[in-house]
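Secondary and tertiary structure notes
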Amino acid sequence: MKDTIFLIGFMGAGKSTVAKCLKEQYGRRLVEMDQMIERREQMPISRIFEENGEAYFRQLETGLLEELAGSRRLVVSCGGGVPFRSCNVDIMRRSGWVIFLTATPETVYERVKNSHHRPLLEKNMNLPFITGLMEERREGYEAAADIQVSTDGRKAEEICEEIIKRIRESEEKPELSR
Ligand code: S3P
């Protein structure tokens, strides 16, 4: 049954904020993948990367998605790298709706510039790097997603409403998504 909502997109695209809003407004159970992994490993993502490497972290993401596929009515805020393993995309598309939240590199930079928990940006906290990585990743996000929603200059409530409306439309007319 396809009813979980998976939010994908670049770091700083607004996945956590929108997921929280979907929990509050639509009573979905919220799963923050990064937070859950940190809790289980009892260390921040940056230390997981340092001590065990990125491949280990990516395996934890896949394992967690496999577990989540068995639950209903979740909203899952995915880590920004989740759609770049095809097995992850298969799991998400089988068990839910994959929503790609977009933002311009400028918006992302403004949202993430003062945070220090993202190992991929830690030594690259600048607009050209963000622009380049986002460009590299765009195709992967688009290919994984059922629905694409812009977050630039919009309130979380408005984005949630659009997501729910477009999921309903897609359920009624599957040819509208993708
Ligand atoms: C990553 C994004 C991060 C986190 C990790 C790797 C990525 O999550 O999973 O630092 O590869 O884009 P957010 O997108 O929630 O920042």
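See the structure printed just above.
Residues numbered from 1 in each chain as written. Predicted model: local features only at pLDDT ≥ 70, side-chain atom pairs only at ≥ 80, totals over all residues. Heavy atoms only, no water.

1. Side note on the side chain of glutamate 61
Within the secondary structure, glutamate 61 is located in helix H4 (residues 54-68). If near-sequence neighbours (up to four positions away) are discounted, glutamate 61 is found in contact with Met33, Ile37, Gly79, Gly81 and Val82. (Helix = DSSP H or I, 4+ residues; strand = E, 2+ residues; numbered from the N terminus. Contact = heavy atoms within 4.5 Å.)

2. Quick look at helix H8 (residues 127-144)
Taking 1.5 Å as the rise per residue, H8 with 18 residues should run 26 Å; its terminal C-alpha atoms sit 25 Å apart, in good agreement. Helix geometry: H8 is bent most strongly at arginine 137, by close to 40°. Of all the residues in H8, the buried ones are Ile130, Leu133, Met134, Arg137, Tyr141 and Ala144. Contacts from the buried residues of H8 go to strand E1 (4-8), H4, helix H5 (86-95), strand E4 (96-102), helix H6 (105-112) and helix H7 (119-122). You can read the cap of H8 off the contacts: a side-chain oxygen lies 2.9 Å from the backbone nitrogen of phenylalanine 129, and it is on asparagine 126. (Expected span 1.5 Å × (residues − 1). Bend = angle between axes of the 7 residues up to and from the residue. Buried < 20%, exposed > 50% of the residue type's maximum accessible area, 1.4 Å probe, protein only. Polar contact = N/O pair within 3.5 Å; in protein donor to acceptor, adjacent residues only side chain to side chain.)

3. Here we look at the environment of glycine 79
Checked against the element boundaries, glycine 79 lands in the loop between strand E3 (74-77) and H5. Overall, glycine 79 belongs to the buried group, its relative accessible area being 4%. On a C-alpha basis, the gap between glycine 79 and glutamate 67 in space is 16 Å, while along the polypeptide they are 12 residues apart. Beyond its immediate chain neighbours, meaning those up to four positions away, glycine 79 contacts Lys15, Met33, Asp34 and Glu61.

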